[in-house]
Amino acid sequence: MPEVTLTTLQSLKAKGEKITMLTCYDATFAQVASRAGVEILLVGDSLGMVLQGHDSTLPVSTADMVYHTASVKRGNEGALILADLPFMACATIEQAFANCGALMQAGAHMVKVEGAAWLADTIRLLAERGVPVCAHMGLTPQTVNILGGYKVQGRQENQARQMRADAIALEQAGAAMLLLECVPSGLAAEITQAVSIPVIGIGAGVATDGQVLVMHDMLGLSLSGRVPKFVRNFMAEQCSISGAFAAYVQAVKDASFPAVEHGFNA
Ligand code: KIV
């Protein structure tokens, strides 16, 4: 795969070609996923749950993220590496600078931060210093204790209005990409139309510019046994991990995944 850059993602959005993203935490899976054509490898703080066995992402440290980002970099063959800033890692702008610096030096091409319009200044300052930022909106797992659980966000009209306004504010602040998690499909479609940066969805319907899944979920691996509604088990349909990754890429590209039943209504 030719090297995927931010310019590649922008041109995929402009052409209307869907963007593929999967979580990835080590060198071997990075090689398999990038060879299968996955365009973005997300070193997600979901590793706290699927690798470390915690019941949330809150215990994950920047040192953990740096370790896994460096591992992914060693196996990656051309995908763009997106690394999560973990819980409280951008509580102050000084922390954001130091932690983003460590992630970029470990091999990230872009960082992801959870939050909404309050992040605008942070995103602007990071972008000015050479750090492309993806803003993760909707269900933000790091704020599970404020949200009262892992629930769909933006169902009420006032919440939906706020989310649309926040998306535009973050684009204006310099965000390079948005990620919408567990947002009604109609709202995700409106936000995707309203901004010119790529919008990736998980549990946000088929109309976003691309899709992401947690790799363990789409391979049918679950510690808790609970499978979110937006997941499709691609391993059940294939006899190899590389086959499952390739089937996921194909299904995102031809918009057969996600199907209506993987999304949420307002
Ligand atoms: O950490 C992660 O894996 C994520 C995805 C759920 C989008 O943020």
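Note that the structure is a prediction, hence the values are computed from the model and not measured.

Student: Quick one: what's the story with the overall build of the protein chain, residue by residue and with numbers?
Tutor: Secondary structure summary: the protein chain contains eleven helices and eight strands in total. Counting only C-alpha atoms and orienting by the principal axes, one finds that the protein chain spans roughly 45 × 40 × 40 Å. When each of the 266 residues of the protein chain is scored for burial, the buried share is 55%. Of all intrachain contacts in the protein chain linking residues separated by at least 6 positions in sequence, the fraction that spans at least 24 positions is 64%. Here the protein chain displays about 11,100 Å² of accessible surface, and carbon together with sulfur accounts for 54% of that area.

Student: Would you mind going over the site of the ligand in detail, with residue names and values included?
Tutor: With respect to spatial proximity, the complete set of residues near the ligand consists of T23, L42, G44, D45, S46, D84, K112, H136, L179, E181, I202 and V214. Separating an oxygen atom of the ligand from a side-chain N or O atom of D45 is a distance of 3.1 Å. Contact distances for the ligand include 3.1 Å between an oxygen atom and a side-chain N or O atom of D84. In the complex, 95% of the free accessible area of the ligand, which totals 260 Å², lies under the protein chains.

Student: Can you explain the pairing of strand β7 (residues 199-202)? Please cite residues and give values.
Tutor: By the alternation rule, side chains of β7 split into V199 and G201 and I200 and I202, which are all buried. Pairing between strand β6 (residues 177-181) and β7: four bridges, direction parallel. Residue pairing across strands places L178 opposite V199, the latter belonging to β7. The handedness of the β6 to β7 crossover, carried by helix α9 (residues 185-194), is right-handed. Here two bridges tie β7 to strand β8 (residues 210-213), and the two strands are oriented parallel to one another. Bridging across to β8, G201 finds its partner in Q211.

Student: Which residues make up the sheet that holds strand β2 (residues 40-43), and what are the values?
Tutor: Read around the closed barrel, eight strands run β1-β2-β3-β4-β5-β6-β7-β8, paired in parallel fashion. Taking each pair of neighbouring strands and ignoring which way they run, the sheet shows an average axis angle of 25°. Most of the contacts of helix α8 (residues 157-173) go to strand β5 (residues 133-138), to which it runs at about 175°, and overall it touches β5 and β6. Most of the contacts of helix α11 (residues 241-253) go to strand β1 (residues 19-23), to which it runs at about 140°, and overall it touches β1 and β8.

Student: I'd like a rundown of the side chain of E171, residues and numbers included.
Tutor: Tracing the sequence through the fold places E171 in helix α8. Nearest to the buried, unbridged E171 among oppositely charged side chains is K13, at 7.2 Å. Those residues in contact with E171, other than ones at most four positions away along the chain, are A194, V195, S196 and I197.

Student: I'd love a proper account of the pattern of salt bridges, names of residues and values included.
Tutor: Within this structure, the stated rule accounts for twelve salt bridges. In this structure, the salt-bridge partner of K13 is D209, at a minimum N-O distance of 2.8 Å. One end of the pair, K13, is in helix α1 (residues 6-15); the other, D209, is in the loop between β7 and β8, with 196 residues separating them in the sequence. Ionic pairing is found between E128 and R124, a salt bridge with its closest N-O pair at 3.5 Å. With a gap of four residues between them, E128 and R124 both fall in helix α6 (residues 120-128), about one helical turn apart. Exposure remark for E128: the relative accessible area of 53% places this residue in the exposed category. Through salt bridges with shared partners, a single ionic network connects K15, E17, E39 and K253.

Student: I'd love a proper account of the environment of M215, names of residues and values included.
Tutor: Mapped onto the secondary structure, M215 falls in helix α10 (residues 215-218). Sequence separation between M215 and S11 is 204 residues; the distance between their C-alpha atoms is 25 Å. Setting aside its immediate chain neighbours within four residues, M215 contacts L22, T23, Y25, F29 and F245.

Student: Which residues make up the packing of aromatic side chains, and what values go with them?
Tutor: Scanning the entire structure with this criterion turns up four aromatic pairs. A centroid spacing of 6.4 Å and a plane angle of 55° characterise the contact between F29 and F245, whose relative ring orientation is tilted. On the criterion of sequence distance, the pair formed by F29 in helix α2 (residues 27-35) and F245 in helix α11 is long-range, its members being 216 residues apart. Relative to F257, the ring of Y248 has its centre 6.2 Å away and its plane inclined at 55°; by these criteria the two rings are tilted. This pair shows no difference in class: Y248 is buried, exactly as F257 is. Among the aromatic side chains, those forming a connected cluster through ring pairs are F234, Y248 and F257. Over the ring of F264 we find K229, and its NZ or CZ is 5.6 Å from the ring centre.

Cut-offs used in this document
- Residues numbered from 1 in each chain as written.
- Predicted model: local features only at pLDDT ≥ 70, side-chain atom pairs only at ≥ 80, totals over all residues.
- Heavy atoms only, no water.
- Helix = DSSP H or I, 4+ residues; strand = E, 2+ residues; numbered from the N terminus.
- Buried < 20%, exposed > 50% of the residue type's maximum accessible area, 1.4 Å probe, protein only.
- Contact = heavy atoms within 4.5 Å.
- Areas by Shrake-Rupley, 256 points an atom, 1.4 Å probe, with all protein chains shown as cover.
- Near = heavy atom within 4 Å.
- Polar contact = N/O pair within 3.5 Å; in protein donor to acceptor, adjacent residues only side chain to side chain.
- Pairing = 2+ DSSP bridges.
- Right-handed = clockwise from strand over helix to strand, strands pointing away.
- Axes fitted to C-alpha atoms, helices over the stretch in contact; angles between N-to-C directions.
- Lys, Arg positive; Asp, Glu negative; His and termini not counted.
- Salt bridge = Lys/Arg side-chain N within 4 Å of Asp/Glu carboxyl O.
- Phe/Tyr/Trp six-rings, centres within 6.5 Å; stacked < 30°, edge-to-face > 60°.
- Lys NZ or Arg CZ within 6 Å of the ring centre and 35° of its normal.

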